[in-house]
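Listed below, chain by chain, are the residues.
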Amino acid sequence: MSLQLSMLNRIADMVLAYVPSVSDDWLNKIHVGDSRAVLKSMPDNIVDLSFWSPPYFVGKEYEAHLTFQDWQNLICDVIKEHTRVMKEGAFMVINIADILCFVDPNMPRYMANNVSNKKSPVTREDVLKAKIKHPKASRHELASILGCSEQTIQRRSEHNNVRGGKGTAGTRVLLVGGMLQDWAKEAGLYLYDHRIWHKDPCWANSRWHSNSYRAVDEFEHLYIFWKPGIVDVDRERLGRAEWAEWGSRGVWNIRSVQRNNRHECEFPEMLADRVIRLLTDKGDVVLDPFVGSGTTTAVARKLKRKYIGIERLKKYAQLAEARTNVEAD
Ligand SMILES: C[S@@+](CC[C@H](N)C(=O)[O-])C[C@H]1O[C@@H](n2cnc3c(N)ncnc32)[C@H](O)[C@@H]1O
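None of the values given here were measured: they were computed from a predicted structure.

Caption draft 1: A look at the site of the ligand. Taken together, 22 residues lie near the ligand, and Ser 35, His 263, Ser 293, Thr 295 and Glu 311 sit nearest. Between the ligand and the protein, one listed contact pairs a nitrogen atom with a backbone N or O atom of Ser 35 at 2.9 Å. In isolation the ligand has 600 Å² of accessible area, and contact with the protein removes 99% of it.

Caption draft 2: Just helix H7 (residues 177–187), in detail. Those residues of H7 not exposed but buried are Gly 177, Met 179, Leu 180, Trp 183, Ala 184 and Ala 187. One side of H7 carries all its buried residues, which in axial view fall inside an arc of 160 degrees. In H7, the exposed residues that point more than 90 degrees away from the buried face are Lys 185 and Glu 186. Of the residues trailing H7, Gly 188 is marked for its positive phi of about 90 degrees.

Caption draft 3: Here's a closer look at unusual backbone geometry. The residue Asn 28 is not glycine, and still its phi comes out positive at about 55 degrees. Summarising the element assignment, Asn 28 is placed in the loop between helix H1 (2–18) and strand S1 (29–32). Judged by relative accessible area, which is 37%, Asn 28 ranks as partly exposed. Its identity is not glycine, yet Lys 304 carries a phi of approximately 65 degrees, on the positive side. Within the element layout of this structure, Lys 304 appears in the loop between helix H11 (295–302) and strand S10 (306–311). Residue classification places Lys 304 among the exposed residues on the basis of a relative accessible area of 56%.

What counts and what doesn't
Here the residue numbering is sequential within each chain, running from 1 through the sequence in written order. The model is predicted, so local features are restricted to residues of pLDDT at least 70 and side-chain atom pairs to those at 80 or more, both for listing and for counting; the totals for chains, interfaces and linings are taken over all residues. Based on all heavy atoms of the structure, the side-chain values leave hydrogens and waters out of the count. Note on definitions. A residue lies near a molecule or strand when any single heavy atom of the residue is within 4 Å of it. Polar contacts here mean pairs of N or O atoms no more than 3.5 Å apart (in protein, one a potential hydrogen donor and the other a potential acceptor; neighbouring residues in sequence count only if both atoms are side-chain atoms). In this description, accessible areas are obtained by the Shrake-Rupley approach with a 1.4 Å probe, and a residue is regarded as covered only by the protein chains that are shown. Only protein chains enter the calculation, and the probe is 1.4 Å; a residue is then buried if its accessible area is under 20% of its type maximum, exposed if over 50%, and partly exposed in between. In this text, helices come from DSSP runs of H or I with a minimum length of four residues, and strands from runs of E with a minimum of two, each type numbered from the N-terminal end. The arc in question is traced by the directions running from the helix axis to the C-beta atoms.

This is the structure we're talking about:
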């Protein structure tokens, strides 16, 4: 009788081992859809690490439909959904530039008098003197009297040379880390650590840069949030040299992706490789709810982790799927 019972138990175990669990439907797939909706239907407590880079609200094609309020709602809601799908002790790592720059019609325009760029030697005093001497002269006449352009007359008279977001509004510069921290805390996730990704200088901003004292963009942030629970700390995850070189270091020097023909905002594989190897073990589940070209999922698979990718645009979801499958084989 007891023999029969133990046989039955063994058969039951074998059957259970072959029954796919709910979470299996989710694993090793790229899901197409809005990450808020997809996350809502995901089972509880299945994610060991979520690593993502959201839209930055800097005017890229894939975020052009969002207002600033929409953008805030999106990031806040995605963070909120994480609390449920993450396992206890799991991490959520958000890669984002810390400064958002966007045109804000409600703020004053930045004004710059670009002294070293003045090509005409005509000064404001010259213009004011000419106006006193020729009180009825038009801007056009003043320009020909002083031998300069009408624009120079206008600039010197009005005392400024206005630049900023596209001439009609100011370019708002806003720190984003505090917002993420507040949204995460509200959702029950706590800031655990912070790293800087030092990338290639982004000279695409050089017009704004050359007419101001602002630095070029050359670093981004990795905000690491923790869901309360036990964290397994395993110093064997990295070699001794790796701990010294980057595992224990706050600044990671990693070249940016040089081409952007695949996706306009890919992050480098090395960034995903470091985050995944530092914070997970083989077999763990890695989520990217803004998977884009599939960098996180491709690297996760290469490192023998399970993965879940989410992407709103079908063309990127297909790209991520193909890249994850091809590169991991
Ligand atoms: C900064 S990119 C991510 C790039 C990715 N890390 C890579 O290496 O390719 C952000 C991605 O999020 C996608 N996205 C934007 N809004 C989304 C949403 N609501 N749900 C899911 N994906 C979204 C965009 O289409 C874009 O591909």
